[in-house]
Amino acid sequence: MPIRLHRALLLTALFLIFSPVHCRAIDPVPSQNPATPLNHGLSDLELQQWYHLSAGTQLIPYDWLVALVDDSLTKIFAVTGLVADPGHSDKLPVGFAKTEGPNIPVPQAGFTCSFCHTTQFSYKGHAIKIDGGPSLQYNSRFLSALIQRLGMLLPPDQHAFFKSLQEQTPPEPFKTFATRVLASRGEVVTAYTLTKLAQDVRMYTQGLISRSGRDLSPEQWGPGRFDALGRGGNTVFTALNPDNLRPANAPVSIPPLWGVWEYDWVQWAGSIQHPLARNIGQVIGVNAGLFNWVQPGVDIPSEKDKVFRSSVDIESLKTLENLARRLSPPQWPSVFPPINRELASRGKDLYHGNKAKGIQNLCAHCHVPAKISNASDNAPSLQITMVPLQEIGTDSLYLENFSRRTVDTSFLGRGRISAREASEYVTTELLAVNNASNEPEYQGRPNIWRDKAQYIARPHVAVWATAPYLHNGSIPNLYELLSPIRERSTCFALNPNMEFDPVKVGFVTEDCTGLPPSPTQPARFEFKTMLPGNSNRGHEFADTTDCDNARSNGILGCALPVDDRWAIIEYLKTCDIARQILPMALACRDPD
């Protein structure tokens, strides 16, 4: 057996043995009523675009994914946090797209915006689906499940397997897979077509294993977290030089999309201004074939369009951006306990302050952005508050990884530069080669990147639907967020069904056990705040000697009385903040 093939099969076996997502029987998540979206406001056709329009990413051949999907894989996808879409013609989950184009010989399955920005969680048997909310997918477990399913197509006895292909009598499950794929391509089942398909499966599986095995950090991301700057940087920049690889070990909570078009800076560190450049960065970070030409001994192409050739689809990105702009923030679901209006009114005074009542402004001074005067139609209208790390005191690894990272871009003739400079340069060039530098809807939004030691004070638009909290998702509910660190969980376990807690506002948690997952049960995720990048300190109201005048080291003020915490939480269930900040949020109505 060829050495590279043996290594690929060995790595596949290791994934099968050690991954917490197993392909044998898994007890399903408790049955639920069909999910009903709370908010989207799109037509059926537009919703299918939001769910499945390709922006240009590539994962595996599209017809392979369609051929692989069956009831068992659908069940596995569900426990990794993917959202089902019964309306899709090929029965693929929300967020999967078919990528085609002149640079793609075989249509590819990739991801689109909704893969990370449509969420679904549970409450007493009800499935709550929210478009534009942060996905709760567990990325590494999804990829492990996919790699396992591909690996199962290749039996360990390769000699016997390839002999069966020559005789056109392949074993299951490869037989069913090959029959479906070749039929979809209009190809006849022959020894050649079977062997060629098996070789392609081997190549793709080896590639996925290689990419996944370069950095094992993602297994600790958990549901709803992604180190986009870390992993995206690895995808793009290791093509230029393998030494550009860095651990993607600073995952952050996937942010919601409601209103972000109006913000002057985006990302948790406020590192990007230009919406299209940000989205291009996401596409190439997932994989759009950028820099595929880079090989030892290959000279840099003389034409810029060949240097920056990729499958990025600018027109689709613009369509998806426009759809995202129309996604309104969700209202508090009617299946939840009703909002206590008297308590919420008290919480509003605490949140915004009320001079007449002598109540201090506790939250709005950071989390309600200032209006930008005389903003043009396409320019940002809201000036987001950026809080220095020294003041907010939350975990710093996300900021440190990006600000300290350097990239060897010698292949591009620019030497070793900072990750900020490299990201700005690459996205600027991609805008140019795709004739998108001067798009009128992006005038007033220069492609400037920065790497300051600060975090965005994200506006609390439908914040109830965006748990867990802090930039790194280290706090499971709003009650703990408003509590001193001594009252916060140092470790909490989340179940795959993500049961919502409408009292503390977040997710129901369990105690950590440290035990390995059961092979027949959906694997829990234990969030350990002692791990690098996972600290739950900072953004704290606590009684210290100078808490009245504090604004450093994570102390924002003195400890809040318990009744005040509950009042603020009740207010955050309402649509009031969304309606104050975003004109498009007028459709958000609190339930009666």
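Here, every reference points to the structure presented above.
Everything in this summary refers to the structure shown in the same document. Just so you know, the residues in each chain are numbered from 1, in the order the chain's sequence is written. Reporting of local features is limited, given that this is a predicted model, to residues whose pLDDT is at least 70; pairs of side-chain atoms are given and counted only at 80 or more, and all residues count toward the totals for whole chains, interfaces and linings. With hydrogens and water set aside, each side-chain value is computed from the structure's full complement of heavy atoms.

Remarks on the nonpolar core
Grouping buried Ala, Val, Leu, Ile, Met, Phe, Trp, Tyr and Cys residues that are joined through side-chain atoms within 4.5 Å yields what is termed a nonpolar core. The classification of residues rests on relative accessible area computed with a 1.4 Å probe and restricted to protein chains. Under 20% of the type maximum is buried, over 50% is exposed, and intermediate values are partly exposed. In this structure, W50, F121, F291, Y398, V426 and W464 are the most contacted members of the largest nonpolar core, which totals 114 residues. Ranked by residue count, the leading element in this core is helix α18 (residues 419–433), at six residues. When neighbours within four sequence positions are excluded, Y398 is seen to be in contact with L229, A250, V252, Q267, W268, A269, Y455 and H471. Going along the chain from the N terminus, every DSSP run of H or I of four or more residues is numbered as a helix, and every run of E of two or more is numbered as a strand. Contact criterion: two residues are considered in contact whenever any of their non-hydrogen atoms come within 4.5 Å of each other.

Description of the environment of I300
In this structure, I300 sits in the loop between α11 (275–286) and α12 (304–307). I300 sits in the partly exposed class, given a relative accessible area of 40%. When the C-alpha positions of I300 and F411 are compared, they lie 6.6 Å apart, and in sequence the two are 111 residues distant.

Observations regarding the pattern of salt bridges
Here, a salt bridge means any side-chain nitrogen of Lys or Arg that lies within 4 Å of a carboxyl oxygen of Asp or Glu. Enumeration over the complete set of coordinates arrives at 21 salt bridges. A salt bridge links E315 to K318; the shortest N-O distance between them is 3.6 Å. Of this pair, E315 and K318 both sit in helix α13 (residues 314–325), three residues apart, which is roughly one turn of the helix. According to the relative accessible area criterion, K318 is buried, its value standing at 12%. The partner of R341 in a salt bridge is D590, with the nearest N and O atoms 3.3 Å apart. With a gap of 249 residues between them, R341 in helix α14 (residues 341–352) and D590 in the segment after α21 (576–581) connect regions that are remote in the sequence. Residue R341 is classed as partly exposed on the basis of its relative accessible area, which comes to 40%. Classification of D590 by relative accessible area gives partly exposed; the value is 24%.

Thoughts on the sheet that holds strand β2 (residues 60–61)
Two strands qualify as a pair provided that DSSP identifies no fewer than 2 bridges between them. In space, the three strands of this open sheet follow the order β2-β4-β3, with antiparallel pairing throughout. Of all strands in the sheet, those bounded by a partner on one side alone are β2 and β3 (96–101). Taken together, the five bridges between β3 and strand β4 (residues 104–111) define a ladder with antiparallel strand orientation. Looking at β4, one finds that A97 is bridged to G110.

Remarks on the side chain of T112
By the element assignment, T112 lies in the loop between β4 and α5 (114–117). Sequence-distant contacts of T112, that is, excluding residues within four places in its chain, are made with W50, Y51, H52, L53, A55, G95, A97 and L320.

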